Amino acid sequence: MHSRHLEWGHRHICCGQKNSGRKRVLISLATNRILRNMANNQLVEALNQALSWELRAIAMYAHYSAYVSGIHRLHLSAHFSNEVNESVMHAATVRSAIVKLDGIAITERDPSPIVHTSNYKEILQEAYQTEKAAAETYGRILPMVEELGDSELYDSLEVVYFDEQRSVEELRMMMKE
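Residues numbered from 1 in each chain as written. Predicted model: local features only at pLDDT ≥ 70, side-chain atom pairs only at ≥ 80, totals over all residues. Heavy atoms only, no water.

**Student:** Looking at this structure, I do not really get the pattern of salt bridges. What am I missing?
**Tutor:** Should the charged atoms of two oppositely charged side chains come close, the side chains can pair. On inspection of all chains with the given rule, the structure shows seven salt bridges. A salt bridge links Arg166 to Glu86; the shortest N-O distance between them is 2.5 Å. Remark: Glu86 occurs in helix α2 (residues 73-100) and Arg166 occurs in helix α4 (residues 151-175); sequence separation between them is 80 residues. For Arg166, a relative accessible area of 33% translates into the label partly exposed. On the accessibility criterion, Glu86 (17% relative accessible area) is buried. We note a salt bridge from Glu177 to Lys121, for which the minimum N-O separation is 3.2 Å. Of this pair, Glu177 sits in the segment after α4 while Lys121 sits in helix α3 (residues 120-148), and the two are 56 residues apart along the sequence. According to the relative accessible area criterion, Glu177 is exposed, its value standing at 83%. With relative accessibility at 43%, the residue Lys121 sits in the partly exposed group. Within this structure, Glu86, Arg166 and Glu170 form a network of salt bridges that share partners. (Salt bridge = Lys/Arg side-chain N within 4 Å of Asp/Glu carboxyl O. Helix = DSSP H or I, 4+ residues; strand = E, 2+ residues; numbered from the N terminus. Buried < 20%, exposed > 50% of the residue type's maximum accessible area, 1.4 Å probe, protein only.)

This is how it looks when you write it as structure tokens:
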């Protein structure tokens, strides 16, 4: 009898007529592993996108905390400093998720330019756009994590998502006339 072997990690899948039930199980295991790896790669890519937004937020909020001027400086400078700290914590959460998935975390921020201005209305608009993009990114990530079935990872990223949603709403209210 002629049989061919497909090596997959430490498993061998025999393609002869003998052991056809075992063959189907092993092929199914190999297929599931491939699909899981593809899903993990897509998730790591999405997490790196979220990380790039967090890194951008850190730079942006630190910049705006220093440059905001006028009557709103006292409130907004402190607010932006707090947002820097929140973004640092979010970035750490995302990095940990990437490491948990055996991915490689990026170190570059999102390339969207940070507008240099001291005008509080422009600053709030820039912050709003950044938070909105981050929230949308986390909104795309959560279903992927849910499908992965890691409830601890889901819970930690859901907290970040809710923080982003809160920031979007807070900024929207701050921009109202």
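**Student:** How should the nonpolar core be read in this particular structure?
**Tutor:** Generally speaking, a soluble globular protein has its nonpolar side chains buried in company with each other. One finds Leu47, Val94, Tyr138, Ile141, Val145 and Leu157 to be the most contacted residues of the largest nonpolar core, which totals 24 residues. Elements that contribute at least two residues to this core include exactly α1 (20-67), α2, α3 and α4. With eight residues, the top contributor of residues to this core is α1. Not counting chain neighbours up to four residues away, the residues in contact with Leu47 comprise Val94, Ala97, Ile98, Leu101, Ile141 and Leu157. Ala57, Met60, Val68 and Phe80 belong to the second largest nonpolar core, which has 15 residues in total. (Core = buried A, V, L, I, M, F, W, Y, C linked by side-chain atoms within 4.5 Å. Contact = heavy atoms within 4.5 Å.)

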